[in-house]
Amino acid sequence: DTTVKQNPRYKLARVGKPVNLICSQTMNHDTMYWYQKKPNQAPKLLLFYYDKILNREADTFEKFQSSRPNNSFCSLYIGSAGLEYSAMYLCASSPGQGDTQYFGPGTRLLVL
Amino acid sequence: AQSVTQPDARVTVSEGASLQLRCKYSYSGTPYLFWYVQYPRQGLQLLLKYYSGDPVVQGVNGFEAEFIKSNSSFHLRKASVHWSDSAVYFCAVSVGNNAGAKLTFGGGTRLTVRP
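As the structure is a computational prediction, the values presented were derived from the model and not from experiment.

(A) Local environment of the interface of chain A and chain B. Opposite the 23 residues of chain A that make contact, chain B presents 25 residues. Between chain A and chain B, the buried area comes to about 1900 Å², and carbon and sulfur atoms account for 54% of it. The interface formed by chain A and chain B holds zero salt bridges in total. Counting across the chain A and chain B interface gives three residue pairs in polar contact (both at pLDDT 80 or more). Counting only elements with at least two residues in the side of chain A that touches chain B, the list comes to strand E4 (31-37) and strand E5 (44-50) of chain A. It is E4 of chain A that provides the largest number of residues to the side of chain A that touches chain B, a total of four residues. Among the residues making up the side of chain A that touches chain B, the classes are represented as 10 nonpolar, nine polar and four charged.

Spelled out as structure tokens, the structure:
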């Protein structure tokens, strides 16, 4: 089973309010990723966990938080949503270095 | 830093025609290369990948891609497209490190197959 699950599939948030997105996988993968994808743009890596170590991209360091309470789950947290956060958020997992990343169906976030 | 270019933002072909979607990458080392497809309202699905060996790799649903190192290209091909192939296709390069691989995507090519 190579399924990556994401909840919720759709999220409506108000400007200034927090947002928490959830991702899970049961493949015992070491690495879990979060990407942001806007229409007509490439997916943009936000951060990833390698085991328990969080790596955040330099240009998104201040904007997104994440936690990985166990191997299967990973969250993406936005403390105060802005209009610019409206996007599709894709979670992926990978068994190791350079290996295939398996993507979830995404969470479509709309901030109003 | 690595980068990926997909020069064709949109491609339209007729059903049954052959297809080539172009991808060029920039990376000083030996890359891992991927093609993903995104169908409407779905996440990204892997079509095929190249790590090493035979430069022509076969993927799902009749897709294949050829790694040409001298040209830094990894074009996607299909001999005969079906209307259900209409989707957005992303080429990606992976740069591994001890903390986990990082995918860099191209901008995507939106394929429309006319019935």
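(B) Examining a nonpolar patch on the surface more closely. Residue and element names in this part refer to chain A. On the surface, a nonpolar cluster with roughly 280 Å² of combined accessible area is contributed by Leu-12, Leu-110 and Leu-112. You can see Leu-110 is positioned in strand E11 (residues 107-111). Look at Leu-110 and you get partly exposed, because its relative accessible area is 43%.

(C) Expanded view of the sheet that holds strand E7 (residues 65-70) of chain A. All names here are of chain A. With antiparallel pairing, the four strands of this open sheet are ordered in space as E1-E3-E8-E7. Strands at the two margins of the open sheet, each flanked by one partner only, are strand E1 (4-7) and E7. Taking each pair of neighbouring strands and ignoring which way they run, the sheet shows an average axis angle of 20°. Bridge count for E1 against strand E3 (residues 19-25) is four bridges, and the pairing is antiparallel. Across the sheet, Lys-5 pairs through a bridge with Ser-24, a residue of E3.

(D) Highlighting the packing of aromatic side chains. Summed over all chains, the structure comprises 17 aromatic pairs over all chains. A ring pair is formed by Phe-103 of chain A and Tyr-36 of chain B, whose centres lie 5.2 Å apart and whose planes are at 80°; its orientation type is edge-to-face. Of the two residues, Phe-103 of chain A sits in strand E10 (residues 102-103) while Tyr-36 of chain B sits in strand E5 (residues 32-38), which places them in two different chains. Accessibility assignment for this pair places Phe-103 of chain A and Tyr-36 of chain B in one class, buried. Plain terms: the ring middles of Tyr-36 of chain B and Phe-105 of chain B are 6.0 Å apart, the flat faces sit at 55° to each other, and that makes the pair tilted. Residue Tyr-36 of chain B is found in strand E5, and its partner Phe-105 of chain B is found in strand E11 (residues 102-105); the two are separated by 69 residues along the sequence. Here Phe-105 of chain B falls in the buried class, since its relative accessible area comes to 8%.

(E) Inspection of the nonpolar core at higher detail. In terms of nonpolar packing, the biggest core is built from 27 residues, with Leu-19, Trp-35, Leu-47, Leu-48, Phe-74, Leu-76 and Tyr-89 of chain B touching the most fellow members. Contributions of two or more residues to this core are made by strand E2 (10-14), strand E3 (19-21), E5, strand E6 (44-50), strand E8 (63-68), strand E9 (73-78), strand E10 (87-95) and strand E12 (109-114) of chain B. The greatest single-element share of this core, amounting to four residues, is contributed by E10 of chain B. Membership of the second largest hydrophobic core comes to 22 residues, among which are Ala-13, Met-27, Met-32 and Trp-34 of chain A.

(F) Local environment of the pairing of E12 of chain B. Residues and elements named next belong to chain B. The alternating pattern of E12 places Thr-109, Leu-111 and Val-113 on a buried face, while none of Arg-110, Thr-112 and Arg-114, on the opposite face, is buried. Across five bridges, the pairing between E2 and E12 is parallel. Residue pairing across strands places Thr-12 opposite Thr-112, the latter belonging to E12. Of the strand pairs in this sheet, E10 and E12 are connected by three bridges, and their pairing is antiparallel. Bridge pairing in E12 links Tyr-89 to Thr-109.

What counts and how
- Residues numbered from 1 in each chain as written.
- Chains lettered and ligands numbered in written order.
- Predicted model: local features only at pLDDT ≥ 70, side-chain atom pairs only at ≥ 80, totals over all residues.
- Heavy atoms only, no water.
- Contact = heavy atoms within 4.5 Å.
- Buried area = accessible area lost by both parts, 1.4 Å probe.
- Salt bridge = Lys/Arg side-chain N within 4 Å of Asp/Glu carboxyl O.
- Polar contact = N/O pair within 3.5 Å; in protein donor to acceptor, adjacent residues only side chain to side chain.
- Helix = DSSP H or I, 4+ residues; strand = E, 2+ residues; numbered from the N terminus.
- Nonpolar A, V, L, I, M, F, W, Y, C, P; charged D, E, K, R; others polar.
- Patch = residues over 30% accessible without salt bridge, like charges linked within 9 Å, V, L, I, M, F, W, Y side chains within 5 Å.
- Areas by Shrake-Rupley, 256 points an atom, 1.4 Å probe, with all protein chains shown as cover.
- Buried < 20%, exposed > 50% of the residue type's maximum accessible area, 1.4 Å probe, protein only.
- Pairing = 2+ DSSP bridges.
- Axes fitted to C-alpha atoms, helices over the stretch in contact; angles between N-to-C directions.
- Phe/Tyr/Trp six-rings, centres within 6.5 Å; stacked < 30°, edge-to-face > 60°.
- Core = buried A, V, L, I, M, F, W, Y, C linked by side-chain atoms within 4.5 Å.

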